[in-house]
Amino acid sequence: VSLKSHPELVRLAKEGEELGDLLKLPPEHLLLRWFNHHLEQAGHERRVHNFSGDVKDSECYTVLLNQISPDKCSRDALQTEDTVERAAAAIENAEKIGAKAYVRPTDIASGNSKLNLLFTSSIFNANPGLDAATEEEKVEAAQLLDDDVEGSREERAFRMWMNSLGTDVYINNLYEEIKDGLVLLKVMDRVESGCVVWKKASFKPSNRFKKVQNANYAVDIGKSLGFSLVGIGGIDIVDGNKKLVLALVWQLVRKHTLQVIGSSSEDELLQWANSTAKDETGIKSFKDKSIKTGTFLLKLIDSIQPGCVNWDLATAGENEDDIQLNAKYVISAARKMGATVFLVWEDIKDVKPKMILTLVAGLAQVQKDLKSNKSTAPMPELSSDA
């Protein structure tokens, strides 16, 4: 559920909103807005605000499906008082328009929010029921969403990192959503607690002046944290200068990443990786071209948690296909052992040092957690076949 996959979502913009405002909405909120758009179009008095209690009686599902496809989906189910029967009819109607129903009637009627969200997503993807975007709207959306491949991958990774911090913000589009400087200040304060003097910040930056003021303050804090911000000003953040925004946010990512694992520098993390991987040649830096084969990273993972890597599935990484297989396996194995992964397999293939650093740091955190658990956990009993 995204503007990139479904440009017709521009139809959901409210009066006074721009496409950039839609980009800020999490997928769940977009679905709720889409759902209520159709309820409004149908002249129905109810609105949904969640995917649990508001949909459990299937009344709104029945109206939604009928509005999307009146020829295939009737409202007959509204005549029954049995919510499970009504849910079964909603599922049947959804299947008529090509939606895959991964739920049972009892799942809907019990108000299972995750499964109701999945069911609603399936209906949306089968038939959004929105007028197609005009060519002009498509171009405008493309300009907001388009970026070079590398920049897009970094934006995605940094956005995922921000969303993992546990703050009260959720980022869908990095460049758009930090323009007011406030989100950036919140992230900075999460990385370095107390670094923001909040009385200096504007919590409702309604005009460009206040946004630049917030962004300038964020740049000043970055400099006080030792970041290299030569040539970067608040105006660059407000204007959405992608290259400079990524440069600033990367330094926040690096600081937080090293801070969490207790390393003082990239060199210290590199030294840890080489000593842990027990690789004959090791790597000279996170730019080392040998990383692309995936072999070093697989050895590192297996050294941290012996047996985690099935070497029968690994390759020598001597050609493009093998490199891709290994890179994907690295990510799979890292996630399997509980590492936080922000990169994609192409980042390994292309040896993107920033992304490699975040992966290695995630693996270091896993080792740290494993050692901590071993020191506090009771000795496990040996099984009979041990």
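Note: the structure precedes this text.
Just so we're clear, the structure is a prediction, and the values are computed from it rather than from any experiment. (Residues numbered from 1 in each chain as written. Predicted model: local features only at pLDDT ≥ 70, side-chain atom pairs only at ≥ 80, totals over all residues. Heavy atoms only, no water.)

(A) Expanded view of the overall build of the protein chain. When you go through the protein chain residue by residue, the secondary structure sums to 18 helices and 0 strands. Split into buried and exposed, the 386 residues of the protein chain put 48% on the buried side. (Helix = DSSP H or I, 4+ residues; strand = E, 2+ residues; numbered from the N terminus. Buried < 20%, exposed > 50% of the residue type's maximum accessible area, 1.4 Å probe, protein only.)

(B) Fine view of the packing of helix H14 (residues 266–277) against helix H15 (residues 295–304). Remark: H14 packs on H15, axes separated minimally by 8 Å, with the N-to-C direction vectors making an angle of 75°. Here H14 is positioned roughly perpendicular relative to H15, judged by the angle of their axes. Residues Trp272, Ala273, Asn274, Thr276 and Ala277 of H14 pack against Phe296, Lys299, Leu300, Ser303 and Ile304 of H15. Taken together, the residues of the contact of H14 with H15 sort by class into 6 nonpolar, 3 polar and 1 charged. (Axes fitted to C-alpha atoms, helices over the stretch in contact; angles between N-to-C directions. Parallel < 35°, antiparallel > 145°, perpendicular 65-115°, else oblique. Contact = heavy atoms within 4.5 Å. Nonpolar A, V, L, I, M, F, W, Y, C, P; charged D, E, K, R; others polar.)

(C) Region of the structure containing the nonpolar core. Trp161, Leu269 and Leu363 are the most contacted members of the largest nonpolar core, which has 79 residues in total. If near-sequence neighbours (up to four positions away) are discounted, Trp161 is found in contact with Val187, Val191, Val249, Leu252, Val253, His256 and Phe342. Counting 31 residues, the second-largest nonpolar core is a separate cluster that includes Leu32, Cys60, Ile68 and Val103. (Core = buried A, V, L, I, M, F, W, Y, C linked by side-chain atoms within 4.5 Å.)

(D) Focus on the side chain of Glu155. Residue placement: Glu155 occurs in helix H8 (residues 149–163). With near-sequence residues (within four places) excluded, Glu155 lies in contact with Asn172, Asn173, Leu174, Tyr175 and Leu246.

(E) Local environment of the environment of Ala99. Looking at the element boundaries, Ala99 is found in the loop between helix H4 (83–96) and helix H5 (105–109). Relative accessible area serves as the criterion here: at 6%, Ala99 is assigned to the buried category. Between the C-alpha atom of Ala99 and that of Thr120, which follows or precedes it by 21 residues, the distance is 9.3 Å. With near-sequence residues (within four places) excluded, Ala99 lies in contact with Ala94, Ser122, Ile123 and Ala126.

(F) Representation of the packing of aromatic side chains within the structure. Summed over the entire model, instances satisfying the criterion amount to 6 aromatic pairs. Considering the side-chain rings of Phe35 and Tyr61, the 5.7 Å spacing of their centres and the 35° angle between planes classify their relative orientation as tilted. Of this pair, Phe35 sits in helix H2 (residues 27–41) while Tyr61 sits in helix H3 (residues 59–68), and the two are 26 residues apart along the sequence. Put simply, the rings of Trp34, Phe35, Tyr61, Phe119 and Phe124 touch in pairs and so form one group of aromatic residues. (Phe/Tyr/Trp six-rings, centres within 6.5 Å; stacked < 30°, edge-to-face > 60°.)

Bear in mind that shape data such as this cannot, by itself, settle questions of function.
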